[in-house]
Amino acid sequence: MPSDYADLLRGADLRVTRPRLAVLEAVQAQPHADTDTIFGAVRTAQPDVSRQAVYDVLAALTAVGLVRKIQPSGSVARYESRVGDNHHHVVCRSCGSIADVDCAVGEAPCLVPFDPAGDLEGFVVDEAEVVYWGVCPECSLKEISRSQP
């Protein structure tokens with residue numbers, strides 16, 4: 001897999017470096033991970049990599065579209081390697097877990113803004129982001145067991 005990551009980096013006109021490879025691997029292994037989780041995974045593989053280097057790599061990978069940054073309301077930034085499609089997310093209100101939700105329509109943007117006043121004239125909409133909120137199955141079970149005598 002690292003050679004695939006190297007090819008991705010080269011394809012994005014980025015130099016292949018050990019920190020970039022380690023960050024790509026960490027994001028792939030742990031979808032929707034926050035920066036601290038990614039940093040921990042990178043430090044396990046590359047003990048000499050600084051926190052700032054991980055931040056810089058995440059910014060560079062996000063800028064070229066190899067990684068996607070999401071930040072649901074009230075949450076820290078999370079990163080994922082699933083890019084280039086038009087998927088959304090569901091977030092558990094209780095534990096904060098995040099899961100992917102495929103777009104019901106399919107192509108980006110999957111939603112077209114309603115604009116009867118013409119305020120969006122001239123805008124080229126290329127993405128729609130939807131976040132579904134609810135309670136995950138594990139948290140639902142915990143709530144049920146707490147409510148039973």
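Residues numbered from 1 in each chain as written. Predicted model: local features only at pLDDT ≥ 70, side-chain atom pairs only at ≥ 80, totals over all residues. Heavy atoms only, no water.

Novice: Which residues make up the side chain of T35, and what values go with them?
Specialist: Among the secondary structure elements, T35 is positioned in helix α3 (residues 35-45). Taking relative accessible area as the criterion, T35 reaches 13% and is therefore assigned buried. For T35, the contacting residues outside a window of four places in its chain are Y55, L58, A77 and Y79. (Helix = DSSP H or I, 4+ residues; strand = E, 2+ residues; numbered from the N terminus. Buried < 20%, exposed > 50% of the residue type's maximum accessible area, 1.4 Å probe, protein only. Contact = heavy atoms within 4.5 Å.)

Novice: Tell me what's going on with the sheet that holds strand β2 (residues 68-70), and back it up with residues and numbers.
Specialist: Across the sheet, which stays open at both edges, the 3 strands sit in the order β1-β3-β2 with antiparallel pairing between neighbours. Of all the strands in the sheet, just β1 (33-34) and β2 have a single pairing partner and so form its edges. (Pairing = 2+ DSSP bridges.)

Novice: Can you tell me about a nonpolar patch on the surface, naming the residues and giving the values?
Specialist: Together, L120, F123 and V125 line one region of the surface with nonpolar side chains, adding up to about 270 Å² of accessible area. Mapped onto the elements of the fold, F123 is located in the loop between β5 (98-101) and β6 (131-134). The exposure class of F123 is exposed, given its relative accessible area of 59%. (Patch = residues over 30% accessible without salt bridge, like charges linked within 9 Å, V, L, I, M, F, W, Y side chains within 5 Å. Areas by Shrake-Rupley, 256 points an atom, 1.4 Å probe, with all protein chains shown as cover. Salt bridge = Lys/Arg side-chain N within 4 Å of Asp/Glu carboxyl O.)

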